[in-house]
Amino acid sequence: MGVLIVGSTALDSIKIPKAENPRLLGGSASHAAVAASFFGPVELVGVVGDDFPRRYVALYRRHGIDLEGLQILPGKTFHWSGEYEINMNNRRTLLTELGVFETFTPTLPEAYRNSPFVLLANIAPALQLHVLNQMQRPRFVVADTMDLWLNIALPDLLKLLGRIDGFVLNDSEAQQLTKEDNVFAAIRKIHRLGPKYVIVKKGSHGSILSGPRGFFLCPAYPLAKVVDPTGAGDSFVGGMMGYLSTAKGSIDGNLRRAMVFGSVVASFCCEGFGLTRTTRVNRRQIDRRVKELEKLTRF
Ligand code: AMP
């Protein structure tokens, strides 16, 4: 059992009020793949340019991530730059250079086509659909997105929503998609667009799952200091899918616990720039925080 992850594989330049970090390993698929790798096998589908540092390829390898689906093409790696305000919930994009992603249409390696778990991490919905079209009867498909695609690729996104099991988005995106201020009303509308499971992320306030067993309120791990929240959402969904892909039993029976594991991996992600903290964590540290969250939410 494994999880196939497609999304952006990027170089991120991140500014916070008192520091700046250029060209870190980033991208939705990178964060999600490292997060998922704590739990089970991961297949990465993406593209980088010939400027992509070798040490980043080595880092994927150290995490046991299968790279047969990672193409290295002549040209520049996707480069994203963002700046955070003192209130880290506020971020603005300074730059998006698509580079080799501009012309990328992934052809999946044969061995990936029957992966049971598929995570369509944040990337253009047309690319997410292209990957999905090559899969043979996956057991559970989850897609993530961002406001950009709601603005410039809504028809593709709506097409995708009819074909996936789970959809993950943040609260402001849910509001933008449905024109509903109330998150529970928004969730109801999103179900009508297709997905059986809807997960709305609320940053440091955790996330909400809606599915056949009703609602689940997933806590965020309480952090007194956030260094850089970039990729927290991707780590959350990557950790969740990684956990699910190796857990015995039904999706319904495991999804809540999977979200809590995802939430914990996301908390580590926030404690360092880019992937610097997440890549130094081990499974024991993850399990310890999950236990703490269990204690914090039992009543
Ligand atoms: P998050 O903090 O969860 O919103 O994810 C941040 C990650 O998204 C960064 O590592 C970026 O490289 C990546 N990213 C930013 N813009 C895009 C985009 N237009 N398409 C795909 N990935 C992006």
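Residues numbered from 1 in each chain as written. Predicted model: local features only at pLDDT ≥ 70, side-chain atom pairs only at ≥ 80, totals over all residues. Heavy atoms only, no water.

A. Spatial organisation of the site of the ligand. Taken together, 18 residues are adjacent to the ligand, and Ser 8, Asp 12, Gly 27, Gly 231 and Asp 234 come closest. Interatomic distance of 2.4 Å between a side-chain N/O atom of Asp 12 and an oxygen atom of the ligand. The separation between an oxygen atom of the ligand and a polar main-chain atom of Gly 27 is 2.7 Å. Bound to the protein, the ligand loses 90% of the 510 Å² it would expose on its own. (Near = heavy atom within 4 Å. Polar contact = N/O pair within 3.5 Å; in protein donor to acceptor, adjacent residues only side chain to side chain. Areas by Shrake-Rupley, 256 points an atom, 1.4 Å probe, with all protein chains shown as cover.)

B. Geometry of the environment of Tyr 243. Along the chain, Tyr 243 turns up in helix H8 (residues 232–246). Linking Tyr 243 and Leu 73, residues 170 residues apart in sequence, is a C-alpha distance of 32 Å. Filtering out sequence-adjacent residues up to four positions away, Tyr 243 remains in contact with Phe 39, Asn 254, Arg 257, Ala 258 and Phe 261. (Helix = DSSP H or I, 4+ residues; strand = E, 2+ residues; numbered from the N terminus. Contact = heavy atoms within 4.5 Å.)

C. Summary view of the nonpolar core. The biggest cluster of nonpolar side chains holds 59 residues, and the ones touching the most others in it are Ile 5, Leu 119, Met 240, Met 241 and Ile 286. At 10 residues, the largest contribution of residues to this core is made by helix H9 (residues 251–269). Listed in part, the 29 residues of the second largest apolar core include Leu 132, Ala 143, Leu 157 and Val 198. (Core = buried A, V, L, I, M, F, W, Y, C linked by side-chain atoms within 4.5 Å. Buried < 20%, exposed > 50% of the residue type's maximum accessible area, 1.4 Å probe, protein only.)

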